[in-house]
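Residue strings, one per chain:
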Amino acid sequence: QVQLVESGGGLVQAGDSLRVSCVASGLFFSTYAMAWFRQAPGKEREFVAAISWNDGSTYYADSVKGRFTISRDNARKTVYLQMDSLKPEDTAVYFCAARQYLRGTYYDTASFHIWGQGTQVTVSS
């Protein structure tokens, strides 16, 4: 069945780096736009970054631009989120999401219909 499995979360200190990964199964990965969203306690799920399925274009939330990098490896059916210069406000559960042939509206949770279970990232001050 179609599945997204995140890994790589953990507890780090402010200023540290961390890379989270999302492995897909059961889908034709190269035809799917991939994205990362996050949700902090008591807050709505918010867009973090996305990468297109066709030309590798990347998109970022203003809050992470210049610090986070999204990338994909179609051969490994994996999308990565490299997080540098982490801040306590980056603390959240990070979710991987996928949508086939998606164009535009990467920022909206409603654009994605396949979700992983999430991985916790905690940044201490």
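From a predicted model like this one, the values you see are computed outputs, not experimental measurements.

S.K.: What should I look at first to understand the overall build of the protein chain in this one?
M.R.: A count of helical and extended segments in the protein chain gives zero helices and 11 strands. Starting at the N terminus and walking to the C terminus, you meet the elements of the protein chain as β-β-β-β-β-β-β-β-β-β-β. Its C-alpha radius of gyration of 13 Å places the protein chain within 12% of the 14 Å reference for a compact globule of 125 residues. Across its three principal axes, the protein chain shows a C-alpha extent of roughly 40 × 25 × 25 Å. Nonlocal contacts in the protein chain, meaning residues at least 24 apart in sequence, comprise 60% of its contacts between residues at least 6 apart.

S.K.: It is not clear to me how the pairing of strand β7 (residues 68–73) should be interpreted in this structure. Could you clarify?
M.R.: Regular strands show a simple pattern: their side chains alternate between the two faces of the sheet. The pairing of β7 with strand β8 (residues 78–83) spans six bridges and is classified as antiparallel. Pairing of T69 across the sheet is with Q82, part of β8.

S.K.: How should I be thinking about the nonpolar core in this particular structure?
M.R.: As a rule of thumb, nonpolar side chains are buried together in soluble globular proteins. In this structure, M34, W36, V79, L81, M83 and Y94 are the most contacted members of the largest nonpolar core, which totals 39 residues. Going through the elements one at a time, β3 (18–25), β4 (32–39), β5 (46–51), β7, β8, β9 (92–100) and β11 (119–124) are the ones with two or more residues in this core.

S.K.: Got a minute to help me understand the environment of D62 in this structure?
M.R.: Here D62 is to be found in the loop between β6 (58–60) and β7. Classification of D62 by relative accessible area gives exposed; the value is 66%. In this structure the C-alpha to C-alpha distance between D62 and F47, which are 15 residues apart in sequence, comes to 9.9 Å. For D62, the side chain forms a polar contact with the side chain of K65, separated by 3.2 Å.

S.K.: Help me understand unusual backbone geometry in this model?
M.R.: Most peptide bonds take the trans configuration, and most residues that are not glycine carry a negative phi. Look at K77: it is not a glycine, yet its phi comes out positive at around 50 degrees. The residue K77 is located in the loop between β7 and β8 in this model. Since its relative accessible area comes to 32%, K77 is described here as partly exposed. A positive phi is found at Y101, a non-glycine position, where the angle reads about 55 degrees. Its location among the elements puts Y101 in the loop between β9 and β10 (114–115). A relative accessible area of 46% means that Y101 is categorised as partly exposed.

S.K.: What am I meant to see in the sheet that holds strand β1 (residues 3–7) here?
M.R.: The strands that make up a sheet are held in pairs by hydrogen bonds between backbone atoms, and each pair lies either parallel or antiparallel. With respect to topology, four strands assemble into an open sheet ordered β1-β3-β8-β7, the strand pairing being antiparallel. Two strands lie at the open edges of the sheet, namely β1 and β7, each paired on one side alone. Pairwise comparison of adjacent strand axes, ignoring direction, gives a mean angle of 15 degrees for this sheet. In this structure, β1 lies alongside β3, joined through five bridges in antiparallel fashion. Looking at β3, one finds that Q3 is bridged to S25.

S.K.: Would you mind going over the side chain of D90 with me for this structure?
M.R.: Turning to its location among the elements, D90 is positioned in the loop between β8 and β9. The buried category is assigned to D90, whose relative accessible area is 0%. Within polar-contact distance, the side chain of D90 engages the side chain of R38 at 2.9 Å. Not counting residues within four places of it along the chain, the set of residues in contact with D90 comprises R38, R67, F68, S85, V121 and V123.

Conventions used here
- Per chain, the residues get numbers from 1 upward, laid out in the order the sequence is written.
- Totals for whole chains, interfaces and linings use all residues, but because this is a predicted model, local features are given only for residues with pLDDT of at least 70 and pairs of side-chain atoms are given and counted only at 80 or more.
- Computation of side-chain values: all heavy atoms of the structure, hydrogens and water removed.
- Helical segments are the DSSP runs of H or I of at least four residues, strand segments are the runs of E of at least two, and each set is numbered from the N terminus.
- The atom set for the radius of gyration is the C-alpha atoms, and the globule formula is 2.2 Å times the number of residues raised to the power 0.38.
- A contact between two residues is defined here by any heavy atoms of the two lying within 4.5 Å.
- A pair of strands is labelled paired if DSSP reports no fewer than 2 bridges between them.
- Residues enter a nonpolar core if they are buried and are Ala, Val, Leu, Ile, Met, Phe, Trp, Tyr or Cys, with the set joined through side-chain atoms within 4.5 Å.
- Under the scheme applied here, a residue whose accessible area is under 20% of the maximum for its type counts as buried, over 50% as exposed, and between as partly exposed, the area being computed with a 1.4 Å probe on protein chains only.
- Polar contacts here mean pairs of N or O atoms no more than 3.5 Å apart (in protein, one a potential hydrogen donor and the other a potential acceptor; neighbouring residues in sequence count only if both atoms are side-chain atoms).
- Every axis in this analysis is a line fitted to C-alpha atoms, fitted for helices over the stretch in contact. Angles between the N-to-C directions lie between 0 and 180 degrees.

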